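Inside the fold
Here's the letter readout for the chains.
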Amino acid sequence: MKIKRILFFLFLPLLLDVLIVGCCDCPTPEYFNYSNCTLSLQNIDNAGADAIIATGDTILKEAYGIQLTIERSEGICSHQNLPLFSSSVYAFGCHCSPALTITPQDSATSLQIITVNPFDQNHGAGTDISGYFKTEGFIDINEFLTEFNQQQYEPEIRTKFRINFLLMTPPPISGNHQLELIINFADGRTLKDTTSIVYLQ
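Predicted, not measured: the structure shown is a model, and the values here were computed from it.

1. Describing the overall build of the protein
Within the protein one finds 2 helices and 12 strands. Along the protein, from the amino end to the carboxyl end, the secondary structure elements read α-β-β-β-β-β-β-β-α-β-β-β-β-β. Looking at the protein alone, contacts between residues at least 24 apart form 73% of all its contacts between residues at least 6 apart. Here the protein has roughly 11,900 Å² of accessible surface; of this, 56% comes from carbon and sulfur atoms.

Shown next, in the form of structure tokens:
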């Protein structure tokens, strides 16, 4: 009798889950992939309350940043996935899995910000200065890549992905600067663009 009672309580959550999901008439979850197609860069001015797209060719070096925009589209790879057990919570209510989940098809393996001009004593033309940049949330490049590769795609609002990278270590002297941003992907593709020339004063 005790064994039957123990088995009953062990399987009770599973029975409730099946009954609840059945009553809720949850749709079959669909899983798709999206691709990162192109990228573009713009200089930004962070001198005010909010970072804005620079309209001139001169920016305070302490307030400089770049805005990265990536165009996305749904990839050709798609499939349906029927999980063995539902992910609903064991409670008296409907907890359906999302009907549609769109995740990255191509993970980014690296992101580099290359200076076209000599930047400082330790970084000549053509060297990587991505360590000098962080996102507006003060996240470094490596942490950003981890989050970037886990992002879901929302067709209504995420066909364009934008992120601002702020320069945390400005050059020691004023001068003209231009940057190239390069993203390498696991499938062998490379996306890159170069900013317009800006005078950092």
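There's more to say after this.
2. What about the sheet that holds strand 10 (residues 179-185)?
Strand order across the open sheet formed by 3 strands is 6-10-11, with antiparallel pairing between neighbours. The open sheet has two free edges, formed respectively by strand 6 (108-115) and strand 11 (190-194), since each of these has just one partner strand. Averaged over all adjacent pairs, the angle separating strand axes in this sheet is 10°, with direction ignored. Summarising the sheet, strand 10 and strand 11 pair through 5 bridges and their orientation is antiparallel. When the sheet's bridge partners are listed, leucine 181 is paired in strand 11 with aspartate 193. The strands touched by helix 2 (residues 141-148) are strand 6 and strand 10; relative to strand 6, the strand with the most contacts, the crossing angle is about 140°.

3. Brief notes about the nonpolar core
Ranked by internal contacts, the top residues of the largest apolar core, which has 30 residues, are Tyr64, Leu68, Leu111, Phe133, Phe165, Leu181 and Ile183. For this core, the secondary structure elements donating two or more residues are strand 1 (30-45), strand 4 (64-80), strand 6, helix 2, strand 8 (160-167), strand 10 and strand 12 (198-200).

4. Details of the packing of aromatic side chains
Tallying each qualifying case throughout the model produces 5 aromatic pairs. Judged by centre distance (5.7 Å) and plane angle (45°), the rings of phenylalanine 119 and tyrosine 132 are tilted. Here tyrosine 132 lies in the loop between strand 6 and strand 7 (133-135) and phenylalanine 119 lies in the loop between strand 6 and strand 7, a separation of 13 residues in the sequence. Per residue, the accessibility class of phenylalanine 119 equals that of tyrosine 132, and both read buried. Aromatic side chains phenylalanine 144 and phenylalanine 161 sit 6.3 Å apart centroid to centroid with 25° between the ring planes, which places their arrangement in the stacked category. With phenylalanine 144 in helix 2 and phenylalanine 161 in strand 8, the pair connects residues that are 17 residues apart, well separated along the chain.

5. Examining the sheet that holds strand 9 (residues 175-177)
The strand order across the open sheet built from 3 strands is 3-12-9, with neighbouring strands paired in mixed fashion. The open sheet has two free edges, formed respectively by strand 3 (58-59) and strand 9, since each of these has just one partner strand. Taken together, the 2 bridges between strand 3 and strand 12 define a ladder with parallel strand orientation. Bridge pairing in strand 12 links isoleucine 59 to leucine 200.

6. Focus: the pairing of strand 8
Strand 8 sits mainly inside the fold: 6 of its 8 residues count as buried. Sheet analysis places strand 7 next to strand 8, joined by 3 bridges and oriented antiparallel. Each bridged residue has a counterpart across the sheet, and for lysine 134 the counterpart in strand 8 is leucine 166.

7. With respect to helix 2
Burial in helix 2 covers these residues: Ile141, Phe144, Leu145 and Phe148. Take helix 2 and look down its axis: the buried residues cluster within an arc of 100°, on one side only.

8. Brief notes about the pattern of salt bridges
According to the stated counting rule, one finds 1 salt bridge in the structure shown. In this structure, arginine 189 engages aspartate 187 in a salt bridge whose closest nitrogen and oxygen atoms are separated by 3.0 Å. Overall, the relative accessible area of 29% leaves arginine 189 in the partly exposed class.

Reading the values: the criteria
Residues numbered from 1 in each chain as written. Predicted model: local features only at pLDDT ≥ 70, side-chain atom pairs only at ≥ 80, totals over all residues. Heavy atoms only, no water. Helix = DSSP H or I, 4+ residues; strand = E, 2+ residues; numbered from the N terminus. Contact = heavy atoms within 4.5 Å. Areas by Shrake-Rupley, 256 points an atom, 1.4 Å probe, with all protein chains shown as cover. Pairing = 2+ DSSP bridges. Axes fitted to C-alpha atoms, helices over the stretch in contact; angles between N-to-C directions. Core = buried A, V, L, I, M, F, W, Y, C linked by side-chain atoms within 4.5 Å. Buried < 20%, exposed > 50% of the residue type's maximum accessible area, 1.4 Å probe, protein only. Phe/Tyr/Trp six-rings, centres within 6.5 Å; stacked < 30°, edge-to-face > 60°. Arc of directions from axis to C-beta. Salt bridge = Lys/Arg side-chain N within 4 Å of Asp/Glu carboxyl O.

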